[in-house]
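Chain residues, written in single-letter form:
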Amino acid sequence: MRVGVLDVGSNTVRLEIADADGAVPLPVHTVKYRLRLADDVDGDGRLPEYAVERLAEAATAADEEARSWGVSRLTAFATAIVREAPNRTRIVETVRKHSGLDLAIMSGRREAELTFLAARRWMGWRAGPMVLLDIGGGSVEVAFGRSGVPDLAVSVPLGAGLLTREHFGTADPPPPEQLRAVRRQIRHQLRDVTARVRWEQPHTAVATSRTLHQLARLCGAPPGREGPFTPRYLKRGRLRKELGRLARLPAAERADLPGISPARAGQALAGALVAHTTMKLLDLRTLTLCPWALREGVLIQQLEHEAALRFEQDELDG
């Protein structure tokens, strides 16, 4: 069986197609539509009509691509960029009208739960009590659990793109007082949840998301060409040094650093601030990078649902 997911995020709209053998998603094809929707939002978080039309066109192209690859069902979902938009109903209607896809708006909590599910499956049960950190463009997800379902899953509006727009504006690089203001906001909004996670004493700390993978590469982790099974870590001490360098450079020069893509150079500093401050709040010195995240969590859930239906049918037929 071949299935697919379409993930509408702040920077990209990404199609991922996978073959299923049991409950393990095996990726066979991905397509990235770099729309950078976060650059188009107005002061109220609303997506203008031209950006909505571009999103609908990308969804239509993704649906056609999925069909050409034999996908039996394409699940489309949007995260913070649409979730927080005042005109989200209009966005969903336009996507449905153009592409025929029902764009589900995923809650922040559900986003944290499914990302945790994917990370747990990748890391395995030997990871024990596990905390997860995911930094997106519009939100940050933190989850903790001892099984496949997290005991704690929260989402807060501290995404790297959102903080960049709200605090840095045209300052490039921003002055130190703006960096301190961002740190204060992060500490204020994550203080309670990180205190709870510290009390739980996690055995393993896992990081997902493109932002954290790029920061890990900046801090010396192996490049992506070495494959998903190569161990990768993000060390807090090294991140602190690189954070100082990011703070001194304008966005254009950050793009020349290892791992920092031009598309994310503008928000790399805010992402590093969130990562470093959160690691300090959690009293973590090291994060283990996980290649599976939200899209894989959606795929796993979809495949397990299909497997359960087949099992029930077999029982009826038997």
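Preceding this paragraph is the structure being described.
Definitions and limits used
Residues numbered from 1 in each chain as written. Predicted model: local features only at pLDDT ≥ 70, side-chain atom pairs only at ≥ 80, totals over all residues. Heavy atoms only, no water. Buried < 20%, exposed > 50% of the residue type's maximum accessible area, 1.4 Å probe, protein only. Helix = DSSP H or I, 4+ residues; strand = E, 2+ residues; numbered from the N terminus. Pairing = 2+ DSSP bridges. Expected span 1.5 Å × (residues − 1). Contact = heavy atoms within 4.5 Å. Axes fitted to C-alpha atoms, helices over the stretch in contact; angles between N-to-C directions. Parallel < 35°, antiparallel > 145°, perpendicular 65-115°, else oblique. Nonpolar A, V, L, I, M, F, W, Y, C, P; charged D, E, K, R; others polar. Patch = residues over 30% accessible without salt bridge, like charges linked within 9 Å, V, L, I, M, F, W, Y side chains within 5 Å. Areas by Shrake-Rupley, 256 points an atom, 1.4 Å probe, with all protein chains shown as cover. Salt bridge = Lys/Arg side-chain N within 4 Å of Asp/Glu carboxyl O. Lys, Arg positive; Asp, Glu negative; His and termini not counted. Charge placed at Lys NZ, Arg CZ, Asp CG, Glu CD. Core = buried A, V, L, I, M, F, W, Y, C linked by side-chain atoms within 4.5 Å.

With respect to the pairing of strand 7 (residues 140-145)
Residues in a regular strand point their side chains to alternate faces of the sheet. Counting buried positions along strand 7 yields 6 of 6 residues, so the element is predominantly enclosed. Of the two faces of strand 7, both are covered, the one formed by V140, V142 and F144 as well as the one formed by E141, A143 and G145. Inspection of the sheet shows strand 6 (residues 130-135) paired to strand 7 by 6 bridges, in the antiparallel sense. Counterpart to I135 in the pairing with strand 7 is V140. The turn joining strand 6 and strand 7, which pair antiparallel and follow one another in sequence, is formed by 4 residues. Bridge analysis of strand 7 against strand 8 (residues 152-156) gives 5 bridges, and the strand direction is antiparallel. Counted as the bridge partner of V142 is V154 from strand 8. In this antiparallel pair of consecutive strands, strand 7 and strand 8, the connection spans 6 residues.

Remarks on helix 8 (residues 236-248)
Between its terminal C-alpha atoms helix 8 stretches 19 Å, which fits the 18 Å expected from 13 residues at 1.5 Å a residue. Next to the buried residues of helix 8 lie helix 6 (176-200), helix 7 (210-218), strand 10 (233-235), helix 9 (251-254) and helix 10 (265-281).

With respect to the packing of helix 7 against helix 10
Axis separation between helix 7 and helix 10 bottoms out at 10 Å; the angle between their running directions is 90°. When the interaxial angle is binned, helix 7 and helix 10 end up roughly perpendicular. Contacts from T211, L212 and L215 in helix 7 reach Q267, A268, G271, A272 and A275 in helix 10. The residue makeup of the contact of helix 7 with helix 10, split by class, is 5 nonpolar, 3 polar and no charged.

Overview of a positive patch on the surface
Judged by side-chain charge, R180, R184, R187, R240 and K280 come together as a positively charged surface patch. Considering each element in turn, the positive patch owes the most residues, 3 residues, to helix 6. The residue R184 is located in helix 6 in this model.

Re the pattern of salt bridges
Side chains carrying opposite charge are able to pair once their charged atoms draw close together. If you walk through the whole model with that rule in mind, you get 19 salt bridges. Salt bridges sharing partners connect three or more residues here, namely R146, D151, R196 and E200.

Digging into the environment of T211
Here T211 lies in helix 7. Exposure remark for T211: the relative accessible area of 7% places this residue in the buried category. Along the sequence, T211 and S261 sit 50 residues apart, while their C-alpha atoms lie 9.8 Å from each other. Among all residues touching T211, those that are not within four sequence positions of it are I135, R264, Q267 and G271.

Overview of the nonpolar core
Counting residues in each nonpolar core, the largest one holds 48 residues, and the members touching the most others are L212, L234 and L287. Here the element with the most residues in this core is helix 10; it accounts for 10 residues. Apart from the residues lying within four places of it in its own chain, the contact partners of L234 are L212, L215, A216, C219, L239, M279, R285, T286, L287 and L289. Counting residues in hydrophobic clusters, the runner-up holds 30 residues, among them V13, L47, V71 and I81.

A closer look at the environment of V13
Structurally, V13 is set in strand 2 (residues 13-21). The exposure class assigned to V13 is buried, which follows from its relative accessible area of 1%. Residues in contact with V13, not counting those within four places in the same chain, are L6, D7, V8, V31, K32, Y33, L35 and L55.

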